[in-house]
Amino acid sequence: MHIHEAITTRRSIPLVTEQAIPTEVIEEIIEAGTHAPNHFRTEPWRFFVLTGEGRSKLGKVFGEITQAEQTDPQSEEARKKIERSRNNPLRSPVVIAVGAEPSDGNRVILQEEFAAVHAAVQNMLLAAHGHGLGAIWRTGAICYHPKVTAFFNLSNEGEIVAFLYLGYPDMEPKPIERTDAKQLTTWID
Ligand SMILES: Cc1cc2nc3c(=O)[nH]c(=O)nc-3n(C[C@H](O)[C@H](O)[C@H](O)COP(=O)(O)O)c2cc1C
């Protein structure tokens, strides 16, 4: 697939099948992440591959966080929320949590460390697309919760920036309109 085609046909695919993804494919997707630009070559990305019961371990943490947020955790509504949160990581056979672990080098700018990891995530989405996989970048407030940071053993400065849900597509995404780039571009001669 030509790079332009890959970029313009990539879409978020929230619905995927349970079909397993070969390990080599997952490794190739992660390797694509490591080729992203990164200032001072700090390589601030960290990758955590969750499959099988690994997803339930994360789900347990999600459930605890959601439970702690409920004013009446025993109510029917709260229980449903907690259960949904706990099951969220089970929505795809593979979840790759992508973390940022900023370097403390004295010329390093924190913002740029996160920028590099975001670039890595886009590389990974494109690589997944190239393999015919469906993928979606998910976050939500829970992504940045200290309990999630601790689950992945990241430092106080570190953070998960993306949960990449991956699997073989089980849906066709609806077309979406993009604003014409010309409308968003200013040429300064
Ligand atoms: C930083 C970031 C966080 C996102 N978090 C979520 C999320 O939590 N849930 C979700 O459904 N989509 C999430 N998305 C995906 C966007 O909703 C999606 O990219 C957007 O709707 C455009 O659709 P497309 O990816 O098919 O072009 C996120 C995207 C980014 C860049």
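First things first, this report covers the structure right here in the doc. Positions within a chain are numbered from 1, following the residues in the order the chain's sequence is written. Reporting of local features is limited, given that this is a predicted model, to residues whose pLDDT is at least 70; pairs of side-chain atoms are given and counted only at 80 or more, and all residues count toward the totals for whole chains, interfaces and linings.

Observations concerning the packing of helix α3 (residues 52–68) against helix α4 (residues 76–87)
Note the following rule: For helices, the fitted axis covers only the stretch in contact; all axes are lines through C-alpha atoms, and the angles between them, taken along N-to-C directions, range from 0 to 180 degrees. Counting from the N terminus, the helices are DSSP H or I runs at least four residues long and the strands are E runs at least two residues long. If an angle is under 35 degrees, it is roughly parallel; if it is over 145, roughly antiparallel; if it lies from 65 to 115, roughly perpendicular; otherwise it is oblique. The hand of a helix crossing depends on one turn: near helix anticlockwise from the far one by less than a right angle means left-handed, and clockwise means right-handed. By the convention adopted here, residues make contact when the C-beta atoms placed from their backbones lie within 7 Å. Under this grouping Gly is polar, as are all residues other than the nonpolar Ala, Val, Leu, Ile, Met, Phe, Trp, Tyr, Cys and Pro and the charged Asp, Glu, Lys and Arg.
Following both chains from N to C, one finds α3 and α4 inclined at 155°, their axes separated by 7 Å at the closest point. The angle between the axes of α3 and α4 places the two elements in the roughly antiparallel class. As α3 runs across α4, the sense of the crossing is right-handed. Across from G59, K60, F62, G63, T66 and Q67 in α3, the residues of α4 making contact are K81, I82, S85, R86 and N87. Taken together, the residues of the contact of α3 with α4 break down into two nonpolar, six polar and three charged.

What about the environment of P102?
Mapped onto the elements, P102 comes out in the loop between β2 (94–100) and α5 (110–130). When near neighbours in sequence (up to four residues on either side) are disregarded, P102 contacts P44, V108, L110, E113, E157 and G158.

What about unusual backbone geometry?
Convention followed: Residue burial here comes from a neighbour count, namely the number of other C-beta atoms, placed from the backbone, that lie within 10 Å of the residue's own C-beta, with 20 or more meaning buried, 12 or fewer meaning exposed, and in between meaning partly exposed.
Unlike most non-glycine residues, R41 shows phi in positive territory, near 50°. Structurally, R41 is set in the loop between α2 (23–34) and β1 (45–51). Its 9 C-beta neighbours within 10 Å are what place R41 among the exposed residues. Phi at N153 is positive, roughly 55°, even though this residue is not glycine. Summarising the element assignment, N153 is placed in the loop between α6 (146–151) and β4 (159–167). In this structure N153 comes out as exposed when scored by C-beta crowding, with 11 C-beta atoms within 10 Å.

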